[in-house]
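Observations on the three-dimensional arrangement
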Amino acid sequence: MQANAASGMAVVDECKLKFLELKAKRNYRFIVFKIEGQEVVVEKLGSPAENYDDFTNSLPADECRYAVFNFDFITTENFARKARFSSLLVTYCSCDAGVNAEEGES
């Protein structure tokens, strides 16, 4: 694991592996990442049965996080019977987080 030259942050291998599992296997509804020291680590894995409310409830009230949320939708053009899915990358910054927390120095 190497730190990114621009940010000085390292992303642990588990983050990459869990993200790939979310995209390819749909093992998780969401992944919440946090910064610990100079590393980005997995904080929470949401099961496929969890929903958007579970996701938002897993975000802390006074800290910042990064997250990926997998959502389902049904298209209206000729694919009405086929569900699709897509992922949303979220940068969450609570209004109650301090400046250092926003910069990843919590």
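Here is a short report on the structure shown in this document.

About the thresholds
- Residues numbered from 1 in each chain as written.
- Predicted model: local features only at pLDDT ≥ 70, side-chain atom pairs only at ≥ 80, totals over all residues.
- Heavy atoms only, no water.
- Salt bridge = Lys/Arg side-chain N within 4 Å of Asp/Glu carboxyl O.
- Buried < 20%, exposed > 50% of the residue type's maximum accessible area, 1.4 Å probe, protein only.
- Pairing = 2+ DSSP bridges.
- Helix = DSSP H or I, 4+ residues; strand = E, 2+ residues; numbered from the N terminus.

1. Details of the pattern of salt bridges
- Applying the stated criterion to the full structure yields 6 salt bridges.
- Residue Glu-43 is joined to Lys-34 by a salt bridge in which the shortest nitrogen-to-oxygen separation is 3.9 Å.
- Given a relative accessible area of 33%, Glu-43 falls into the partly exposed group.
- Here Arg-65 ties to Glu-63 by a salt bridge, and the two come within 2.8 Å at their closest N and O atoms.
- Via salt bridges that share partners, Lys-34, Glu-36, Glu-43, Glu-63 and Arg-65 belong to a single interconnected network.

2. Section: the pairing of strand S2 (residues 30–36)
- Examined bridge by bridge, S2 and strand S3 (residues 39–46) share 7 bridges and lie antiparallel to one another. Residue pairing in the sheet places Ile-35 in a bridge with Val-40 of S3.
- Once S2 ends, the chain turns through 2 residues before running back antiparallel as S3, passing Gly-37 with a positive phi of about 65°.
- Across 4 bridges, the pairing between S2 and strand S4 (residues 64–74) is antiparallel. Paired with Val-32 across the bridge in S4 is Ala-67.

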